[in-house]
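Secondary and tertiary structure notes
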Amino acid sequence: MNAMPGSKSRETHTDGWCRNGPYEFVHVTGWTISNCIVSRKSVWTLMHGRRTEGNFPRPEDAMARHASLVQHTHQPTPIDADAHVRKRGERP
């Protein structure tokens, strides 16, 4: 994660984050972390679409916030392989 500004590194991390240039990380779920200037200070902004989830001093801090947000979301459960089988006498 320590790519130098101006590098074109496309480093991928095990937690789903991929560096997309020197000032941005993208996640497989559509979240982004971008380096921005806010009130004349460099911060890392965690966003999903137009929704901002805060400014952080380091990208690792934004990644930690992302992890805490997505762990509380509903994860789809695998479909039961026999769910489509009708019991005898059931109508479609």
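For the structure itself, look to the data block above.
Below is a summary of the structure that appears in this document. (Residues numbered from 1 in each chain as written. Predicted model: local features only at pLDDT ≥ 70, side-chain atom pairs only at ≥ 80, totals over all residues. Heavy atoms only, no water.)

Remarks on the overall build of the chain
When you go through the chain residue by residue, the secondary structure sums to 1 helix and 5 strands. Of all 92 residues assigned to the chain, the portion counted as buried reaches 27%. Long-range contacts, defined here as pairs at least 24 residues apart, represent 15% of the contacts in the chain between residues at least 6 apart. For the chain, the accessible area works out to roughly 7,100 Å², and carbon and sulfur atoms hold 53% of it. (Helix = DSSP H or I, 4+ residues; strand = E, 2+ residues; numbered from the N terminus. Buried < 20%, exposed > 50% of the residue type's maximum accessible area, 1.4 Å probe, protein only. Contact = heavy atoms within 4.5 Å. Areas by Shrake-Rupley, 256 points an atom, 1.4 Å probe, with all protein chains shown as cover.)

Focus: the nonpolar core
Trp17, Phe25, Trp31, Ile33, Trp44, Leu46, Phe56, Ala62, Met63 and Leu69 together form the largest nonpolar core, which totals 10 residues. No other element matches the 3 residues that helix H1 (residues 59-70) contributes to this core. (Core = buried A, V, L, I, M, F, W, Y, C linked by side-chain atoms within 4.5 Å.)

Observations concerning the pairing of strand E3 (residues 31-38)
In the sheet, strand E2 (residues 24-27) pairs with E3 via 3 bridges, with the strands oriented antiparallel. If you follow Glu24 over to E3, its bridge partner there is Ser34. Between E2 and E3, which pair antiparallel in sequence order, lie 3 residues; one of them, Gly30, sits at a positive phi of approximately 100°. Direction of pairing for E3 relative to strand E4 (residues 41-48): antiparallel, over a ladder of 8 bridges. Bridging across to E4, Trp31 finds its partner in His48. Hairpin connection from E3 to E4: 2 residues lie between these consecutive antiparallel strands, with Ser39 at a positive phi of about 50°. (Pairing = 2+ DSSP bridges.)

Here's the deal with the pattern of salt bridges
Scanning the model with the defined rule gives 4 salt bridges in all. For Glu53, the salt bridge goes to Arg65, with nearest N and O atoms at 3.4 Å. Here Glu53 is found in strand E5 (residues 51-56), whereas its partner Arg65 is found in helix H1, with 12 residues between them in sequence. The residue Arg58 makes a salt bridge to Glu60 at a minimum N-O spacing of 3.9 Å. Residue classification places Arg58 among the partly exposed positions, given a relative accessible area of 43%. Three or more residues joined by partner-sharing salt bridges are found here, namely Arg51, Glu53 and Arg65. (Salt bridge = Lys/Arg side-chain N within 4 Å of Asp/Glu carboxyl O.)

Focus on the sheet that holds E4
One open sheet holds the 5 strands; their spatial order is E1-E2-E3-E4-E5, and the pairing between them is antiparallel. Looking at strand neighbours, the two that pair on one side only are strand E1 (17-19) and E5, the edges of this open sheet. With strand direction ignored, the average angle separating the axes of adjacent strands in the sheet is 30°. Running at roughly 140° to E3, H1 makes contact with E1, E2, E3, E4 and E5 of the sheet. (Axes fitted to C-alpha atoms, helices over the stretch in contact; angles between N-to-C directions.)

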